[in-house]
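What follows is the residue order along each chain.
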Amino acid sequence: MDFSFENSHKNIYYHFKSNNTKNSKICTTKAKFLLKYGREKTIVALMKPSIRQKLRAIADFFFPRICIGCGEVNAKGRFNFICPQCSTDIFYCRGGRCLICGELLGASDMPNMRGCHKCNDMRIAYKEALCPVVFGGKVKDLIHALKYAKALHVAGDLAKIALLHPETKAFLRDAYIVPVPLHWRRRFSRGYNQAEEVAKALIKTAPELNAKITHPLKRARPTSTQTRLSREERAEN
């Protein structure tokens, strides 16, 4: 089963390609409904946890959550939109890493290093970086859904995934989170900043960390997408 995005009459939705035409249509219908109704409403978020859980259980019965990875119903599990089977495709970065750029350097018993071959020639203003998971598999599906398909409801799962890394909580404790800003034109066309949505989800999921969002940066000029650019081209862009 293949995963892709389509745009039909200004309604962006997931489409799960299948050799079986009937199954493909069913998955598409489920995914369209998920994108339209997947986000938790503010009034529900403000309710007591016990009431909220009961309402979610009722909603899951009538409108079951769909796994982003495989398109199957995901009524139970650690994540809302990644089923237990697809969650095995999430790979955490464990082992010696570069504290500056987050590059993995070796086995789990290898100590961390400050600086590596990837960043020694770079002018970096921050003190430390942490990369919780490998950008691939179902994590990549979640990020693309949030960024390109207006699936804001998956930000909570991205926050949960990041917080499962053993170093994330210490890294975020009492921190100021700065979402990378979008140029106002892109922000207007997209309707939101995906980095800010993940930051909000992190704070909502782990309020005990006392992290705060701040916006000291402003994007001064519009830049082209960096999806297909090399490291050197990204630096110039």
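Every value quoted in this text rests on a predicted model; they were computed, and no experiment measured them. (Residues numbered from 1 in each chain as written. Predicted model: local features only at pLDDT ≥ 70, side-chain atom pairs only at ≥ 80, totals over all residues. Heavy atoms only, no water.)

Mapped onto the elements of the fold, tyrosine 148 is located in helix H4 (residues 137-148). In this structure tyrosine 148 comes out as partly exposed when scored by relative accessible area, which is 35%. Note: C-alpha distance between tyrosine 148 and glutamine 194 (46 residues apart in sequence) is 9.3 Å. (Helix = DSSP H or I, 4+ residues; strand = E, 2+ residues; numbered from the N terminus. Buried < 20%, exposed > 50% of the residue type's maximum accessible area, 1.4 Å probe, protein only.)

The next thing to look at is the packing of helix H5 (residues 155-163) against helix H8 (residues 194-205). Running from N to C, H5 and H8 point in directions that differ by 65°, and their axes come no closer than 8 Å. With respect to the hand of their crossing, H5 and H8 are arranged in right-handed fashion. Judged by residue contacts, Ala155, Gly156, Leu158, Ala159, Lys160, Ala162 and Leu163 of H5 engage Glu197, Val198, Ala201, Leu202 and Thr205 from H8. Class assignment for the residues of the contact of H5 with H8 results in 8 nonpolar, 2 polar and 2 charged. (Axes fitted to C-alpha atoms, helices over the stretch in contact; angles between N-to-C directions. Left-handed = near helix turned anticlockwise from the far one by under 90°. Contact = heavy atoms within 4.5 Å. Nonpolar A, V, L, I, M, F, W, Y, C, P; charged D, E, K, R; others polar.)

One can find proline 216 in the loop between strand E4 (212-213) and helix H9 (231-236). Taking the C-alpha atoms as reference, proline 216 lies 7.4 Å from valine 178; in sequence the two are 38 residues apart.

Attention now moves to the environment of histidine 215. The residue histidine 215 is located in the loop between E4 and H9 in this model. Placed 38 residues apart in sequence, histidine 215 and isoleucine 177 show a C-alpha to C-alpha distance of 8.4 Å. Discounting chain neighbours no more than four positions away, the residues touching histidine 215 are Pro179 and Glu196.

With that out of the way, let us pick up the confidence of the model for the chain. Chain-level statistics for the chain give a pLDDT mean of 78 and a share of 73% at 70 or above. Note on residues 1-46: pLDDT under 50 across the span, and 79 contacts to partners over four residues away in sequence or across chains. (pLDDT = per-residue confidence, 0-100.)

In this section: the state of the cysteines. Following the criterion strictly, the structure yields 0 disulfides and no others. Free cysteine cysteine 101: the closest other cysteine sulfur is in cysteine 116, separated by 3.6 Å. Judged by relative accessible area, cysteine 101 falls into the partly exposed class, the value being 28%. With no disulfide partner, cysteine 131 has as its closest neighbouring cysteine sulfur the one in cysteine 93, 4.0 Å distant. Since its relative accessible area comes to 32%, cysteine 131 is described here as partly exposed. (Disulfide = S-S within 2.5 Å.)

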